[in-house]
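Observations on the three-dimensional arrangement
Next come the chains, spelled out residue by residue.
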4 protein chains.
Amino acid sequence: MGVTIVGVVGLGNMGLGMAGSLLRGGFTVIGYDPSAARQDLSRSAGVRVRESLTAVMEEAEALVFSLPAARDVEAVVTSGGLLARRDASVVAIDTSTSDPGTSRRLAHVLAEAGHALLDAPVSGGPAGAAAGTLTMMIGGAAADLQRVRSVLEAMAAKIVHVGPSGAGNVAKLVNNLLVAAHLVTAQEALRLSEAAGLPAEAALGVINAATGRSAATEVSIPRWVIPGTFDSGFSAGLMRKDVRLALEMAAETGVALPLSGLVGQLWRDAPFADSDDFTRMADFRRET
Amino acid sequence: MGVTIVGVVGLGNMGLGMAGSLLRGGFTVIGYDPSAARQDLSRSAGVRVRESLTAVMEEAEALVFSLPAARDVEAVVTSGGLLARRDASVVAIDTSTSDPGTSRRLAHVLAEAGHALLDAPVSGGPAGAAAGTLTMMIGGAAADLQRVRSVLEAMAAKIVHVGPSGAGNVAKLVNNLLVAAHLVTAQEALRLSEAAGLPAEAALGVINAATGRSAATEVSIPRWVIPGTFDSGFSAGLMRKDVRLALEMAAETGVALPLSGLVGQLWRDAPFADSDDFTRMADFRRET
Amino acid sequence: MGVTIVGVVGLGNMGLGMAGSLLRGGFTVIGYDPSAARQDLSRSAGVRVRESLTAVMEEAEALVFSLPAARDVEAVVTSGGLLARRDASVVAIDTSTSDPGTSRRLAHVLAEAGHALLDAPVSGGPAGAAAGTLTMMIGGAAADLQRVRSVLEAMAAKIVHVGPSGAGNVAKLVNNLLVAAHLVTAQEALRLSEAAGLPAEAALGVINAATGRSAATEVSIPRWVIPGTFDSGFSAGLMRKDVRLALEMAAETGVALPLSGLVGQLWRDAPFADSDDFTRMADFRRET
Amino acid sequence: MGVTIVGVVGLGNMGLGMAGSLLRGGFTVIGYDPSAARQDLSRSAGVRVRESLTAVMEEAEALVFSLPAARDVEAVVTSGGLLARRDASVVAIDTSTSDPGTSRRLAHVLAEAGHALLDAPVSGGPAGAAAGTLTMMIGGAAADLQRVRSVLEAMAAKIVHVGPSGAGNVAKLVNNLLVAAHLVTAQEALRLSEAAGLPAEAALGVINAATGRSAATEVSIPRWVIPGTFDSGFSAGLMRKDVRLALEMAAETGVALPLSGLVGQLWRDAPFADSDDFTRMADFRRET
């Protein structure tokens, strides 16, 4: 028998968006969020909001975590509600980006209690969550993924099973490290171009037709930097966190990454706030 | 009346390839190269090899330069043959990658003598030259480009008029600086991925479906690095030269490029020879 | 009444050296080390070796920790022996280099139990420990330092009270970050000098008489690099650990350090083992 | 017979200072400067100002060049006055900092005409020039140095014969590359220290008593940065020029210097003008 009741823990922009996709997919969605305002919004959207986290953890047939940081997931997992359950084996889908070590550890803790954890970081932002068109990079056992495939398919347009527990987060961090780097390389290249007399728009035309192209030059810069809107919806603070996690992963594995290390320092040093859009990094016309 | 006689100066792999494309396009091609071996090869291909550079410069209705370095072009331009001509106004197409300042200076010298120079660095390599499918980034006056459009079209599948004199080289250098950077970012990201337990092939699958992608992860690495062939046909020495030219352009214009500066140092420091393929830089499994 | 019985926890090269200095200073020294060989050596030197860590913790009037890492100190402090004591207030002197946050936390734990912790990282190496000529950078309350001043003076020629708890380790990490950086700057400068035709010895003569000098050019390179002995007694692994701790402190405080970040990556990437001498970094004649 | 008439070319702060020291040393000083104001000032000081550069070049028994850049020295040397002289062999002392290649080339040109050039970059600034207490790093033949030793001794407290032609400039550039680097390392270390709660003054006390010290932490920062005067007398623009020359020397010799390359970029990027004092770089309290 498949899953019919999905618990969503964390009903922020991402969590509520995914809850909506799950409702449209025919699932019964129960949920929890500490904010009364988010609870109200979620009820209006059709989510059966429970009074406590524990209630969700005890009732759901599958769980979706949409929480700010790894330590929040850890707090939820070790809070007891799920660990104490013996009536069913539950697959928890952790959509936050976190370090792979934490994913592996929590997966182990849940496995010992008869449950499972998939690390399933997403790309696509609030719009993708609301539309059910996220990309999900999944780490965990294929059998566990299979048990919640219908749940995942309600939320994501693209599901990539990357490898065992932790592999989803490794893939996400490696990808985002490249994104962070390419915004810097593009910013420098376009500053150079303009200083040498070639407008950035003309340079981008050549670069995107030639071999210097990246998702930064093809998408981010034409869409959010050249028009000056800086509204991709992904914050600089989140990118800083991902770069930091990627570099900590490098430190732990003993890999030296001279260029990426400097990328990390430049992100930390850049003259914009964590709340600004992450595409500010590619603003080749800003003062330095 | 259009151009019918094209002079090709420098009949190496690139020059002879372009000469062949011009012959197929119906042009009469005269040419010069100091090497007797290249002269023989060119004659077999249908090029009317002249005994001296001056002879080519005095007879051609349009010129194509395919020479190793800016100083070679400078030597040819200032050698007198073309500067002394008064019977016709000739457009010289310089396909070498060089610094924009040299291009502008030579364009000025030729303009004073009634001729014109287009800086027209190419991408596509020997294969593209032979097939007539090069991409050309052109700096110079639109009117001059118009006068040799048929010549350019015989050699290139894609002709981008970037801007005034020098702009072709600015675009080429900016593009290649990005290429050089992206090989390093990809190498570091894939080394990190493998150290963290995720095989590079799996990481590439995610990256190219997501936002970390670049021409390095989409083309160079799958084609020349993963199979271990390292035979793109573009040498590390040429890329080192282009990175050096780009960084000199930055120094002259006073632009600080912290990340690109480190890219340049890493290229200089990398454990492979100038004669090796430039894709060696992305070899994420090499010893460091 | 002053301290007469000092407990030394950890009787390695540093710990036994300090124990010897304390014995010469007239103290009764009790100690513990898990290794039987180190116990024998310590007994021969006059240390009254106890059978357990707890025994030392329960008997000493002052404690000296000489342990490899912060987590070892943490394990010792929280093991109970000292925390349970109510007969006296004991000052523990932690001579290991660790992160200031751990120092502050352990100082707090001990303070709640009526004891005190000074973070007191040292410089001077095994030779300085044996001779009683260490330099100690001390973080903690002045009153606590005063209570063990005679103990410190038996071990150190120079005692610097840097600030409150943790400050000793901040000072040590900042100092060692500079040491790590200056070995790299000196190595690069001397490689450049030799490549430009000026022997390193001649360049050092000028540098040390002029404004480019550092402890690296004045001491480390003439003493351990030029002669090729590489036997300063401080290992590359310990320096890598200190650089990592300094950069983690930067990450936690949100300070961007572009150059120091690259220093850290270059230390990680350098072609020598953790067991090699740290002055290998300045080997300007090694292959890169 | 020794030198009695010394020609000083360039009578700015440095040149006039050295002229004064030469006058006090008993030499007859003839000189030239294009500025009427500097001519008047020089006459008041006792310099016999000549109406043209050529007049100085034709009359002096030894020459001192004090000019802004290598190309100025080149213009003076190749202007003919000295090259045409056959009545005596003259030693020219070039006190400007320039690239060693230019020094070697000009030394060769002068040698062919029977004269000699010493590259003799100085440290000590206007104050040292006026007091006759400069440090001079000299490249050239020992015999040529011997011929003008009395001239050098009137200007400098310390004369270091580094090696053959060009070696003086190699030594100066290598030294100043280290100075430039150490201002950055010190600035980062002190920013980190303050962010971690340890005031810079306290950190400097430890660093200068321990192993992280450099001339930056011992002299520049206590003297010009902590008091906030930033008046060492050496400009950021001159330091930027020296760093650029050092890195060009690295590029020409093919040496990769990852850290120094980033030092150069950070100097270019730093938020102060060329006319500001070079110690601004160490301002660890400035906004970034």
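Each value, and the rule that gives it
- Residues numbered from 1 in each chain as written.
- Chains lettered and ligands numbered in written order.
- Predicted model: local features only at pLDDT ≥ 70, side-chain atom pairs only at ≥ 80, totals over all residues.
- Heavy atoms only, no water.
- Helix = DSSP H or I, 4+ residues; strand = E, 2+ residues; numbered from the N terminus.
- Buried < 20%, exposed > 50% of the residue type's maximum accessible area, 1.4 Å probe, protein only.
- Contact = heavy atoms within 4.5 Å.
- Lys, Arg positive; Asp, Glu negative; His and termini not counted.
- Charge placed at Lys NZ, Arg CZ, Asp CG, Glu CD.
- Buried area = accessible area lost by both parts, 1.4 Å probe.
- Salt bridge = Lys/Arg side-chain N within 4 Å of Asp/Glu carboxyl O.
- Polar contact = N/O pair within 3.5 Å; in protein donor to acceptor, adjacent residues only side chain to side chain.
- Nonpolar A, V, L, I, M, F, W, Y, C, P; charged D, E, K, R; others polar.
- Least-squares fit on C-alpha atoms with pLDDT ≥ 70 in both.
- Axes fitted to C-alpha atoms, helices over the stretch in contact; angles between N-to-C directions.
- Parallel < 35°, antiparallel > 145°, perpendicular 65-115°, else oblique.
- Pairing = 2+ DSSP bridges.
- Core = buried A, V, L, I, M, F, W, Y, C linked by side-chain atoms within 4.5 Å.
- Phe/Tyr/Trp six-rings, centres within 6.5 Å; stacked < 30°, edge-to-face > 60°.
- Lys NZ or Arg CZ within 6 Å of the ring centre and 35° of its normal.
- pLDDT = per-residue confidence, 0-100.
- Expected span 1.5 Å × (residues − 1).
- Domains from an automatic or database assignment.
- Arc of directions from axis to C-beta.

**Description of the overall build of chain A**
- When its secondary structure is counted, chain A shows 13 helices and nine strands.
- Its C-alpha atoms put chain A at 70 × 45 × 30 Å along the principal axes.
- Relative to its 288 residues, chain A shows a buried fraction of 59%.
- At a minimum sequence separation of 6, the contacts of chain A that also span at least 24 residues come to 66%.
- Side chains of chain A give 24 positive and 29 negative charges; the mean places of these two sets differ by 2 Å.

**Looking at the interface of chain C and chain A**
- Each partner contributes residues to the interface: chain C has twelve residues there, and chain A has twelve residues.
- Of the roughly 1100 Å² buried where chain C meets chain A, counting both sides, 63% is carbon and sulfur surface.
- On the surface where chain C and chain A come into contact, there are zero salt bridges.
- Our enumeration of links across chain C and chain A arrives at four residue pairs in polar contact (both at pLDDT 80 or more).
- Counting residues per element, the ones that place at least two in the side of chain C that touches chain A are α12 (236–253) and α13 (258–269) of chain C.
- For the side of chain C that touches chain A, the element with the highest residue contribution is α13 of chain C, accounting for six residues.
- Each residue belonging to the side of chain C that touches chain A can be placed in one class, and the counts come to seven nonpolar, three polar and two charged.

**Quick look at the pattern of salt bridges**
- According to the stated counting rule, one finds 48 salt bridges over all chains in the structure shown.
- Across the pair Asp87 of chain B and Arg85 of chain B runs a salt bridge whose closest N-O atoms are separated by 2.9 Å.
- Asp87 of chain B sits in the exposed class, given a relative accessible area of 58%.
- With a relative accessible area of 7%, Arg85 of chain B lands in the buried category.
- Because the salt bridges share partners, they merge into one network encompassing Arg213 and Glu218 of chain A together with Arg213 and Glu218 of chain B.

**Details of the interface of chain A and chain B**
- Taken together, the contacts link 52 residues of chain A with 52 residues of chain B.
- Summed over both partners, the interface of chain A with chain B comes to about 4500 Å²; 73% of that surface belongs to carbon and sulfur atoms.
- In this structure, the connection of chain A to chain B is made through two salt bridges.
- There are 16 residue pairs in polar contact (both at pLDDT 80 or more) connecting chain A and chain B.
- Looking at the side of chain A that touches chain B, the elements that each hand over two or more residues are β9 (156–163), α9 (167–195), α10 (200–209), α11 (215–225), α12 (236–253) and α13 (258–269) of chain A.

**Focus: the relation of the copies chain C and chain A**
- In screw terms, the move from chain C to chain A is a rotation of 179 degrees and a rise of 0.1 Å along the axis, fitting with an RMSD of 0.1 Å. Given the turn and translation reported, the copies of this chain are related as if by a two-fold rotation axis.
- Here 100% of the contact residues of chain C are again contact residues in chain A; the copies associate through an equivalent surface.

**Here we look at the packing of helix α4 (residues 70–77) of chain C against helix α5 (residues 100–112) of chain C**
All names here are of chain C.
- At a closest axis distance of 11 Å, the pairing of α4 and α5 adopts a crossing angle of 5 degrees. Classed by the angle they form, the pair α4 and α5 counts as roughly parallel. For the pair formed by α4 and α5, the contact residues are Ala70, Val73, Glu74 and Val77 on the first element and Thr102, Arg105, Leu106 and Leu110 on the second.

**Observations regarding the pairing of strand β8 (residues 134–139) of chain A**
All names here are of chain A.
- Burial of β8 is extensive: six of the six residues sit out of reach of the surface.
- Judged by which residues are buried, β8 turns out to be covered on both faces: Leu134, Met136 and Ile138 on one side and Thr135, Met137 and Gly139 on the other are all buried.
- Inspection of the sheet shows strand β7 (residues 122–123) paired to β8 by two bridges, in the antiparallel sense. Note that in β8 the partner of Ser123 across the bridge is Thr135.

**Side note on the environment of Thr253 of chain C**
- Here Thr253 of chain C is to be found in helix α12.
- Look at Thr253 of chain C and you get partly exposed, because its relative accessible area is 34%.
- For the pair Thr253 of chain C and Thr102 of chain C, spaced 151 residues apart in the sequence, the C-alpha separation amounts to 15 Å.
- Beyond its immediate sequence surroundings of up to four residues, Thr253 of chain C is in contact with Leu192, Ala195 and Ala196 of chain D.
- A distance of 2.8 Å separates the side chain of Thr253 of chain C from the backbone oxygen of Met249 of chain C, its partner in a polar contact.
- Among the polar contacts listed, one links the side chain of Thr253 of chain C to the backbone oxygen of Ala250 of chain C, at a separation of 3.2 Å.

**Considerations on the nonpolar core**
- Formed by 204 residues in total, the largest nonpolar core has its most connected members in Trp267 of chain A, Trp267 of chain B, Trp267 of chain C together with Trp267 of chain D.
- With near-sequence residues (within four places) excluded, Trp267 of chain B lies in contact with Ala180, Leu183, Val184, Ala236, Met239, Arg240, Phe272, Phe278 and Met281 of chain B.

**A closer look at the packing of aromatic side chains**
- Enumeration according to the criterion identifies eight aromatic pairs over all chains in this entry.
- Each ring, one from Phe234 of chain A and one from Phe278 of chain A, has its centre 5.3 Å from the other, and the planes form 85 degrees; the classification is edge-to-face. Of this pair, Phe234 of chain A sits in the loop between α11 and α12 while Phe278 of chain A sits in the segment after α13, and the two are 44 residues apart along the sequence.
- Its guanidinium or amino end placed over the ring of Trp224 of chain A, Arg223 of chain A lies 5.4 Å from that ring's centre, counting from NZ or CZ.
- Sitting above the plane of the Phe230 of chain D ring, Arg280 of chain D keeps its charged end 4.0 Å from the centroid.

**Observations concerning the environment of Gly17 of chain B**
- Mapping Gly17 of chain B onto the fold places it in helix α1 (residues 13–24).
- Residues Gly17 of chain B and Asp242 of chain B, 225 residues apart in the sequence, show an inter-C-alpha distance of 22 Å.

**Points about the confidence of the model for chain A**
All names here are of chain A.
- Averaged over every residue, the pLDDT of chain A is 94; the share at 70 or more is 99%.
- Element-level mean pLDDT values for chain A span from 89 in helix α6 (residues 125–131) up to 98 in strand β3 (residues 48–49).
- The ipTM value of the predicted complex is 0.92, and its pTM value is 0.88.

**Quick notes on the relation of the copies chain A and chain B**
- Turning chain A through 180 degrees and shifting it by 0.0 Å along the axis lays it on chain B, with an RMSD of 0.1 Å.
- Here 100% of the interface residues in chain A have copies in chain B that are interface residues too; the copies meet face to matching face.

**What to know about helix α9 (residues 167–195) of chain D**
Residues and elements named next belong to chain D.
- With 29 residues, α9 extends 42 Å between its outermost C-alpha atoms, agreeing within 8% with the 42 Å of an ideal straight helix rising 1.5 Å per residue.
- Of all 29 residues in α9, 27 are buried, a share of seventy percent or more.
- Where α9 ends, the next residue or the one after it, Gly197, has phi of about 100 degrees, a positive value.

**A look at the side chain of Ser123 of chain B**
Residue and element names in this part refer to chain B.
- For Ser123, the position within the fold is in strand β7 (residues 122–123).
- Its relative accessible area of 18% is what places Ser123 among the buried residues.
- For Ser123, the residues in contact, after removing those within four places along its chain, are Leu134, Thr135 and Met137.

**Looking at the pairing of strand β8 (residues 134–139) of chain B**
- As paired strands, β8 of chain B and strand β9 (residues 156–163) of chain B are joined by six bridges and run parallel to one another. Directly across from Gly139 of chain B, in β9 of chain B, lies its bridge partner Gly163 of chain B.

**Section: the domain arrangement of chain A**
All names here are of chain A.
- Looking at the assigned domains, one finds that chain A contains domain 1 (5–164) and domain 2 (170–282).
- Domain 1 and domain 2 are separated by 29 Å when their C-alpha centres are compared.
- With ten residues of domain 1 at the contact, the number on the domain 2 side is eight residues.
- It is Thr97, Pro100 and Met137 in domain 1 that bury the most area against domain 2; as a group they hold 55% of the surface buried on that side.
- Linking domain 1 with domain 2 are zero salt bridges, by the criterion used here.
- Looking at the side of domain 1 that touches domain 2, its residues break down into six nonpolar, two polar and two charged.

**Some details on the side chain of Glu188 of chain C**
- Following the sequence through the fold, Glu188 of chain C ends up in helix α9 (residues 167–195).
- For the buried Glu188 of chain C, no salt bridge is present, and the opposite-charge side chain at shortest range is Arg191 of chain C, 5.6 Å distant.
- Polar contacts involving the side chain of Glu188 of chain C include one to the main-chain amide nitrogen of Leu259 of chain D, which spans 2.9 Å.
- If we skip the residues at most four places from it in the chain, Glu188 of chain C touches Leu257, Pro258, Leu259 and Ser260 of chain D.

**A few points about helix α4 (residues 70–77) of chain A**
- Regarding α4 of chain A, the residues found buried are Ala70, Val73, Val76 and Val77 of chain A. Taken around the axis of α4 of chain A, the buried residues stretch over an arc of 125 degrees, which confines them to a single face.

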